[in-house]
Number of protein chains: 2
Amino acid sequence: MISSLELARLCHVSQGTVDRALHNRAGISARTRERILRVATEHGYQANPMATEMMQGKSIIVGGLVHNLNSVFFMDLFHTISQQLIAMGLRLHVCSYDTPQTCEQLVGDFAARKSAGLILVPPIDQPISISAPILKSLPVISLIHSPGIEGLHCVHPDEVQTGFDATVGLIERGHRQILMLDYPSYSPAILQRAQGYEQAMRKHCLHTVHMVKSDTQTLLDTIKSNNITAVFCHNDWLALEAIRQLNSQGIKVPDDMSVLGVDDSPTFTSLCDQVTTMHYPADDIAKHVCAIFKDKPPKRGIKPCTWVNRQSVRSI
Amino acid sequence: MISSLELARLCHVSQGTVDRALHNRAGISARTRERILRVATEHGYQANPMATEMMQGKSIIVGGLVHNLNSVFFMDLFHTISQQLIAMGLRLHVCSYDTPQTCEQLVGDFAARKSAGLILVPPIDQPISISAPILKSLPVISLIHSPGIEGLHCVHPDEVQTGFDATVGLIERGHRQILMLDYPSYSPAILQRAQGYEQAMRKHCLHTVHMVKSDTQTLLDTIKSNNITAVFCHNDWLALEAIRQLNSQGIKVPDDMSVLGVDDSPTFTSLCDQVTTMHYPADDIAKHVCAIFKDKPPKRGIKPCTWVNRQSVRSI
DNA sequence: TTGTAGGCGTTATCAG
DNA sequence: CTGATAACGCCTACAA
């Protein structure tokens, strides 16, 4: 943990010469360079990135902000993004927050550090505000639909289409009584998927049945009184929970009931690879995020979620 | 995103005076202070923490390193730790890694930035090496048992005891044929819980049956051929998976089979609050981690995991 | 009460 | 080829 100045003194040269050696720059004799590099590795020299970043007025750190309870799905997404950012020489540092206030504070913190950018999963139910100077000074990206903030880049698939395509997929497989199951929240992503479901059902002149996560009995009652044959769940976790609830009452999936989720994230599939789902285009999202950091406006929209056949939906 | 020097110029004073105003230090007239503070807020001035940190040779950032697939449980733990670190004026920045090499590189990166410390979830199956100078220059903590690295602080409950207590809990509830279900891995945490299970079973002269996560049929075969009445799972996710597998074959939990997990992390219980489990002492772990950062060696060990009654285990 | 100087570790530029 | 100097933004110490 030696500094470049100390390294220079150890080699009886100036800091400038050390710099030339370390960065393979011209204007230094091979002999001097080798000597310096040898001493550098001997002492395990590593440049302090903070000093470099302060010089250049720009950090290579990208802040990732996520609400603690949202972390399951988004950590996978963050990991995919992180990989691609590393390839660009950037580093993703993820912080979790409790309240919108904490979130805003962390945004300010990263901005003050002259971060390369920010990737947010904003709080649901309660919007945050980001000051105009911050939005101007670094790219700020939201991974979910966040209307009302000028200059915020939103990177996510068309969630209305996700709901629509999912529902159409079930209809094409012969289902007519389809239940939509999601969470009690005003999160845009949730509302929009439900909207897509309703559009698809209406287009096929079918009756919509909508409910939020609930106890086993409520689920059963809703299913029975509507002759439901398929449940479209907001995400895979909810689908798994529904499957568990159904199974606990002797209803087999997919024999007696089809269940469809959304996400297909690696962590979930590593825990359970049985749920038929709409694959969330994480790679494409990462690409778009990187494009924004490269200041190259993406030429096309985000790919839609796509149907993945597993074992929890059957055709009837 | 104005600097303190620019702020000084705007107020027609020196940087020193600005500093006195911002830090409520003595030696400044109330009038000047107010004027400076007004201009500061007008321009949304925020000190660049990097500059401060470089001055002091110490950053307030604590690095959190976790393997991408481990993230589900550890993100909750990181969040708890993060809360307490914030109370100490520190910030936890979590990075995910793929390979041990990436992990080591990130360790070097945080060390070069003069981080306040590092909290690792090291790779399983393959140990990493951390250079002695790094271990000397900042506190490095592992959240799982990581033998063989001198100077590394390991902060986790006694996992042998976890396995032991879990098994004894099942035995006390009348179970005799108990299956241990975990993952195919040499991770110390996994091995130690299995060890505790075996110790408890031997102590009660019971026959041990051990299997790793597998397909439904294999699970069923193992259960039938050993007259199993309870399954002790390495964690709640695995417990949920087992419950799903059992339910899908008409075996009801806990009526026909008891299932016990470990973790009781908020994210899991928010998705499913039915699994009887061994509560992982996240708060106590966070306390010990903070004690290390305060350089106050913790006076006692980590609290053990404790039984939490839910709905997946019954007495027979 | 206020201004000035120096240093943290790096890099870019200019002079030798 | 190499050394000296300034700059990034902040803070402490000392001088006026």
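How each quantity is defined
- Residues numbered from 1 in each chain as written.
- Chains lettered and ligands numbered in written order.
- Predicted model: local features only at pLDDT ≥ 70, side-chain atom pairs only at ≥ 80, totals over all residues.
- Heavy atoms only, no water.
- Axes fitted to C-alpha atoms, helices over the stretch in contact; angles between N-to-C directions.
- Helix = DSSP H or I, 4+ residues; strand = E, 2+ residues; numbered from the N terminus.
- Parallel < 35°, antiparallel > 145°, perpendicular 65-115°, else oblique.
- Left-handed = near helix turned anticlockwise from the far one by under 90°.
- Contact = heavy atoms within 4.5 Å.
- Nonpolar A, V, L, I, M, F, W, Y, C, P; charged D, E, K, R; others polar.
- 1 Å grid on protein atoms, 1.4 Å probe; cavity = no way out; pocket = protein on both sides within 12 Å on 5 of 7 lines; lining within 4 Å.
- Points joined across faces, edges and corners; volume = space filled by probe spheres on them.
- Near = heavy atom within 4 Å.
- Polar contact = N/O pair within 3.5 Å; in protein donor to acceptor, adjacent residues only side chain to side chain.
- Domains from an automatic or database assignment.
- Pairing = 2+ DSSP bridges.
- Least-squares fit on C-alpha atoms with pLDDT ≥ 70 in both.
- Buried area = accessible area lost by both parts, 1.4 Å probe.
- Salt bridge = Lys/Arg side-chain N within 4 Å of Asp/Glu carboxyl O.

## Topic: the packing of helix H11 (residues 236-248) of chain A against helix H11 (residues 236-248) of chain B
No. 1: In the contact formed by H11(A) and H11(B), the axes pass within 9 Å of each other and the chain directions differ by 45 degrees. Classified by the interaxial angle, the pair formed by H11(A) and H11(B) is oblique. In the crossing of H11(A) with H11(B), the sense of the turn from one axis to the other is left-handed. Contact with H11(A), carried on its side by A:Trp237, A:Leu240, A:Ile243, A:Arg244, A:Asn247 and A:Ser248, involves B:Trp237, B:Leu240, B:Ile243, B:Arg244, B:Asn247 and B:Ser248 of H11(B) and no other residues of that element.
No. 2: Looking at the contact of H11(A) with H11(B), its residues break down into 6 nonpolar, 4 polar and 2 charged.

## As for empty space enclosed by the protein
No. 1: Counted according to the given criterion, the structure contains 10 cavities of 30 Å³ or more.
No. 2: Approximately 60 Å³ is the volume found for the largest cavity.
No. 3: Elements with a contribution of two residues or more to the lining of the largest cavity: helix H4 (49-56) of chain A together with helix H4 (49-56) of chain B.
No. 4: Residue composition of the lining of the largest cavity, grouped by class: 5 nonpolar, 3 polar and 4 charged.

## A few points about the protein's contact with DNA strand D
No. 1: The immediate surroundings of DNA strand D are formed by 23 residues, with A:Thr17, A:Arg20, A:Gly27, B:Ser4 and B:Tyr45 found nearest.
No. 2: Near the protein, meaning within 4 Å, the atoms of DNA strand D are sugar or phosphate in a fraction of 60%, with bases accounting for the rest.
No. 3: A distance of 2.5 Å separates a phosphate oxygen of DNA strand D from a polar atom in the side chain of A:Thr17.
No. 4: Contacts to DNA strand D include B:His23, whose side-chain N or O atom sits 3.3 Å from a phosphate oxygen.
No. 5: Elements represented by at least two residues in the surface near DNA strand D include exactly helix H2 (15-22) and H4 of chain A together with helix H2 (15-22) and H4 of chain B.

## What to know about the domain arrangement of chain A
No. 1: As assigned here, chain A comprises domain 1 (4-47), domain 2 (56-154) and domain 3 (159-280 + 303-308).
No. 2: The C-alpha-based centres of domain 1 of chain A and domain 2 of chain A are spaced at 37 Å.

## Comments concerning the sheet that holds strand S9 (residues 258-263) of chain B
Neighbouring strands of a sheet are bound in pairs by backbone hydrogen bonds; such pairs are parallel or else antiparallel.
Residue and element names in this part refer to chain B.
No. 1: The strand order S7-S6-S8-S9-S10-S11 describes an open sheet built from 6 strands, whose pairing is mixed. Looking along the sheet, the strands with just one partner apiece sit at the ends: strand S7 (209-212) and strand S11 (306-308). For this sheet the average axis-to-axis angle between neighbouring strands, irrespective of direction, equals 25 degrees.
No. 2: As paired elements, strand S8 (residues 230-233) and S9 share 3 bridges and run parallel to each other. Looking at the pairing, Val 231 lines up with Val 259 of S9.
No. 3: Sheet strands in contact with helix H9 (residues 188-203) are strand S6 (178-182), S7, S8 and S9, and its direction is about 175 degrees off that of S6.

## Observations concerning the packing of H2(B) against helix H3 (residues 30-42) of chain B
The packing of two helices is summarised by the inter-axis angle and the distance between the axes.
All names here are of chain B.
No. 1: The interhelical angle for the contact between H2 and H3, taken along N-to-C directions, is 85 degrees, at an axis separation of 9 Å. In terms of their interaxial angle, H2 and H3 are classed as roughly perpendicular. Residues Thr 17, Val 18, Arg 20, Ala 21 and Leu 22 of H2 touch H3, and the partners they reach there are Thr 32, Arg 33, Ile 36, Leu 37 and Ala 40.
No. 2: Of the residues that constitute the contact of H2 with H3, the class distribution is 6 nonpolar, 2 polar and 2 charged.

## Let's talk about the relation of the copies chain A and chain B
No. 1: Here chain A sits on chain B after a turn of 180 degrees about the axis and a move of 0.0 Å along it, with an RMSD of 0.2 Å. Look at the turn and shift together and you get a two-fold axis relating the two.
No. 2: Of the residues that chain A buries at the interface, 100% are likewise interface residues in chain B, meaning the two copies contact each other through the same surface.

## Things to note about the interface of chain A and chain B
No. 1: At the interface, 53 residues of chain A touch 53 residues of chain B.
No. 2: Both faces considered, chain A and chain B share a buried interface measuring about 5,100 Å² in area, 59% of it formed by carbon and sulfur atoms.
No. 3: The interface formed by chain A and chain B includes 4 salt bridges.
No. 4: Note that A:Arg113 and B:Glu53 form a salt bridge whose closest N and O atoms lie 2.7 Å from each other.
No. 5: Our count for the contact surface shared by chain A and chain B stands at 11 residue pairs in polar contact (both at pLDDT 80 or more).
No. 6: Elements with a contribution of two residues or more to the side of chain A that touches chain B: H4, helix H5 (71-87), strand S2 (91-97), helix H6 (100-112), helix H7 (132-137), H11 and helix H12 (266-271) of chain A.
No. 7: Its residues assigned to classes, the side of chain A that touches chain B comprises 26 nonpolar, 17 polar and 10 charged.

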